[in-house]
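Results of the structural survey
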Amino acid sequence: MKTPPICNYEGSDYQESFWEQGNRAYEDAAEEIALKRLLPSGSGHLLELGAGAGRNTYRYRGFEHITLLDYSTTQLQRAIERLGIGEKYRYVAADVYRLPFVPGIFSSATMIRTIHHLSDPELALKQINECLCSGAVFILEFANKRNIKSILRYWFKHQKWNPFDRESVEFAELNFDFHPVQVKEWLGKTGFRVEKQISVSYLRAGLLKRMLPLPILRALEHLLQFTLSWAAYSPSVFLRSQVTNQNDPVSSGAFFRCPSCGHYPLPDTPPILICSQCGREYPVKDGIYDFRID
């Protein structure tokens, strides 16, 4: 199966340059506030899609197991340095369009700062839905094209694309902004029901971040998320949705499936996993299961 192109952070210093050195403490705090309001209280197995270096992973308290998935092995290596290797965490390098998991295996999932790199979000959401059990909670963050800055730029003719139409806009290669209505339609078509919406990072402007200390920004973010989330005019939007279709877990106790041919169960036999259907081999190195297909 030919899939869309992948935005690959292999070898990137994204964690350092963007988060640790990029004056993003406010954005990080804003996401933490939103996650506290959206995460389910129960335990179970959570799938973190686009986990990167594990920046948000420690916030998923209460889950017995967490599987971190990213296409970049170097990002996952950073996550291992931060979180360690043990029974709680599993690290998987894979393509979100071809997830290597049996149906209905996860009780929750998150996808933060990831879908904006996908040219075919609907295809990815179908894959995500399939590996979640019935009633599972899915928290999705997306870059909102209908934000205040883009609206003002459009009104003053500093940008050509219309922030109010539903078409996605690719402002750089494999970097997309989406309209909230379009994202909700994709979720509905792929078996999710949106339960809650939170508008995040209204105060992202550099001037505000320089003028106001972080504790004040956090307090204002709390207030704005509580009062203005209905409007969804922020640069970032979080949606909590629930799986509506009947996704029954595989009774065999299997976890992996072959992302190439779809066969399962795929025996978990490090250092090599071999598909008995198509013969493809998947290595496990330094704690990372590598299911990427060239």
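The structure presented is a predicted model; accordingly, all values stated were derived computationally and were not measured.

On to the pairing of strand β1 (residues 45-49), then. Consecutive side chains of a regular strand alternate in pointing toward one face of the sheet and then the other. Counting buried residues in β1 gives five out of five residues, a clear majority hidden from the surface. Alternating residues of β1 divide into His45, Leu47 and Leu49 and Leu46 and Glu48, and every residue in both groups is buried. Direction of pairing for β1 relative to strand β2 (residues 65-70): parallel, over a ladder of five bridges. Bridged to Glu48 within β2 is Leu68. As paired elements, β1 and strand β4 (residues 106-111) share four bridges and run parallel to each other. In the sheet register, Leu49 faces β4, and the bridge partner there is Met111.

Moving on, we come to the environment of Pro100. Inspection of the secondary structure assignment puts Pro100 in the loop between β3 (89-93) and β4. Between the C-alpha atoms of Pro100 and Pro271, which are 171 residues apart in sequence, the distance is 16 Å. The contact partners of Pro100, leaving out residues within four places of it in the chain, are Leu69, Val92, Ala94, Phe255, Phe256, Arg257, Pro259 and Phe291.

Axis separation between helix α4 (residues 121-130) and helix α6 (residues 180-189) bottoms out at 9 Å; the angle between their running directions is 40°. With respect to each other, α4 and α6 are oriented oblique. The chirality of how α4 crosses α6 is right-handed. Residues Pro121, Glu122 and Leu125 of α4 form the contact with α6, whose participating residues are Trp186, Leu187 and Lys189. Tallied by class, residues from the contact of α4 with α6 come to four nonpolar, no polar and two charged.

Thresholds applied
- Residues numbered from 1 in each chain as written.
- Predicted model: local features only at pLDDT ≥ 70, side-chain atom pairs only at ≥ 80, totals over all residues.
- Heavy atoms only, no water.
- Buried < 20%, exposed > 50% of the residue type's maximum accessible area, 1.4 Å probe, protein only.
- Helix = DSSP H or I, 4+ residues; strand = E, 2+ residues; numbered from the N terminus.
- Pairing = 2+ DSSP bridges.
- Contact = heavy atoms within 4.5 Å.
- Axes fitted to C-alpha atoms, helices over the stretch in contact; angles between N-to-C directions.
- Parallel < 35°, antiparallel > 145°, perpendicular 65-115°, else oblique.
- Left-handed = near helix turned anticlockwise from the far one by under 90°.
- Nonpolar A, V, L, I, M, F, W, Y, C, P; charged D, E, K, R; others polar.

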